[in-house]
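Each chain, letter by letter, is given below.
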Amino acid sequence: MPKLPVERSPLNDSRESRNQVMPSLSIHILSIALCLSSGFQQGYIASVLNQPYAQIEQFINSSWIERTGHPISDSTLHLLWSLLNVCFPIATIFGQFLAGWMCSQFGRKHTALMASFLYIPGALLCAAAKWCFPAFELLFVGRIIWSLANGVNTVNATVWIVECAPPQIRGRMAAMQEFFMALGSLLTQAVGVPFSTDELWPYNFLPNCAVVVVSMVMFSWVAESPQFIMEKYNDVDRARKALAQYHGVSEDDPSVESEIRICEQSLGKNKEKKKTAGGGIETSHTGMEIMFMPWRAKDQTSRLIRYCAWVGVMVKIAYVFTGARSLRGYSTFILYTLSNFTYSQATWLSFATGLLRLPFTLVPVFLVDRLGRRPLIVVSMLVSFVSILVMIVAIDINGEWKYATFIGLTVLLLINTCGIGSVSRFYAAELVPRNLLLSSVSTLTMFEALTKIGVEFAFYPTANVIGAQSLLLFLVPTGIFTVMCYLMCPETSRMTVNEVLNNVAAKKKMDVVFPM
């Protein structure tokens, strides 16, 4: 008997299209521009104070003497230095709150352009502090403006790439943020080796301005987010054209039609002032009620969304407590003050770690969609725990063991670079429905920033007093979060949000099914 033709469904066509998709030129330009405006800037801001920290502390002390006639006490100087460092996460929180409003009002593209422009006065004010002696406060003002803009771009970058990148390569595109973050950190360390002197330290802030100009030029060439086009203009044809451009396919491709349906469903629910889980599953509660009011939003759909959202929060906080972010910014201090390397050795070893870190950031770019998010998270957490333990023992023993401190610090930074440090940037956004994406990403990144403020503010003064034992601040939570991530984190690789939510619902035996 002749074989009857097999009828193909749009769903199968869409999945086949996802499996065959190749990254387009537009998505590459968008990804690089977002990385330069978000990840690169984050790495630059976090590390720019690292190598010249002794010279900047001396500048603050000299400014104090110029004004008051007497030097500042060590404890006050350490407190001011901690405050200067935590200006970054504090201002970032306000930027993340501002991002939701800006993205909704001006779109992803114009938000990126406006926020990126603020980087330039931020960097220039930091440098001008030296030349306007004794106005050391300009360091704080410039760092606040710089960090505020980075908070806006951090949220915008996550939302924009998730809205535009095909699911099969979404993780790869988002993982590029960690590579550019390492690149930004490496540039500050490379500049910091010759410029960490009493006269030249302001020049550490200036190379960033050229990078900002490049990213703004790139943004001018890419299309607006299809989601914003639908929300603001309700222009289906324009949104379809933008999606096809980003996906590298024709406008009538099934994958484009599938994404357009998601945009239309989200738009319809927002207009009706209903919050849904996406794809037709409805709940009468807002995103904030689902996240923070379990006594009100207690239907099974809300419970499932809340569980996944808080798993995303947990992963972000777990990354902060590995210490990779904080210790990267204090690497010269750890090697020089705690481990007794010479200052020259400490700056060069810090630079070497940054150099090694760069190729490691490419590991998740190639493997995050193949190995999956979950293995990278759990393994990197486990290795982080061992690395911190080695550092504590090595600093306590001191002497010849100082190289063990360097090895432990390097392994900690490298494993997080290709593990949870990279995945945490976009993992939470893969766990929530599209119509809740913007508000939820702003909220989730706020929790990460709040945790970072507490950790970074506490570490430096504490380390100056009790030394190696200050690393227990990272060791104990890392051990706890390793177990929690193993038990709770679902896999999201190569899956739509609805597929992820259905898998979690089945595992938790919840009577919720999201349309595919």
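Per an unreviewed UniProt entry, the recorded name for the protein is Major facilitator superfamily (MFS) profile domain-containing protein, and the organism is Caenorhabditis remanei. According to the UniProt record, the Subcellular location (unreviewed entry) comment for the protein is "Membrane".

### A short note on unusual backbone geometry
Along the chain, Phe-133 connects to Pro-134 via a cis peptide bond; the corresponding omega equals 10°. Within the secondary structure layout, Pro-134 lies in the loop between α5 (74–131) and α6 (137–164). Unusually for a residue other than glycine, Asn-234 sits at a positive phi of about 50°. Structurally, the position occupied by Asn-234 is in the loop between α9 (226–233) and α10 (236–247). For Asn-234, a relative accessible area of 43% puts it in the partly exposed group. Here Lys-509, not a glycine, exhibits a phi torsion of approximately 55°, which is positive. Position of Lys-509 among the secondary structure elements: in the segment after α23 (497–507).

### Focus on the packing of aromatic side chains
What the rule picks out here adds up to 27 aromatic pairs. Ring geometry for Trp-101 against Phe-106: centres 5.4 Å apart, planes inclined by 90°, an arrangement best described as edge-to-face. When the ring centre of Tyr-486 is taken as reference, the NZ or CZ atom of Arg-374 above it lies at 5.2 Å. The aromatic ring of Tyr-307 is capped on one face by Lys-508, whose charged end is 4.1 Å from the ring centroid.

Thresholds applied
Residues numbered from 1 in each chain as written. Predicted model: local features only at pLDDT ≥ 70, side-chain atom pairs only at ≥ 80, totals over all residues. Heavy atoms only, no water. UniProt positions renumbered as here; feature names shortened; annotations may be inferred. Helix = DSSP H or I, 4+ residues; strand = E, 2+ residues; numbered from the N terminus. Buried < 20%, exposed > 50% of the residue type's maximum accessible area, 1.4 Å probe, protein only. Phe/Tyr/Trp six-rings, centres within 6.5 Å; stacked < 30°, edge-to-face > 60°. Lys NZ or Arg CZ within 6 Å of the ring centre and 35° of its normal.

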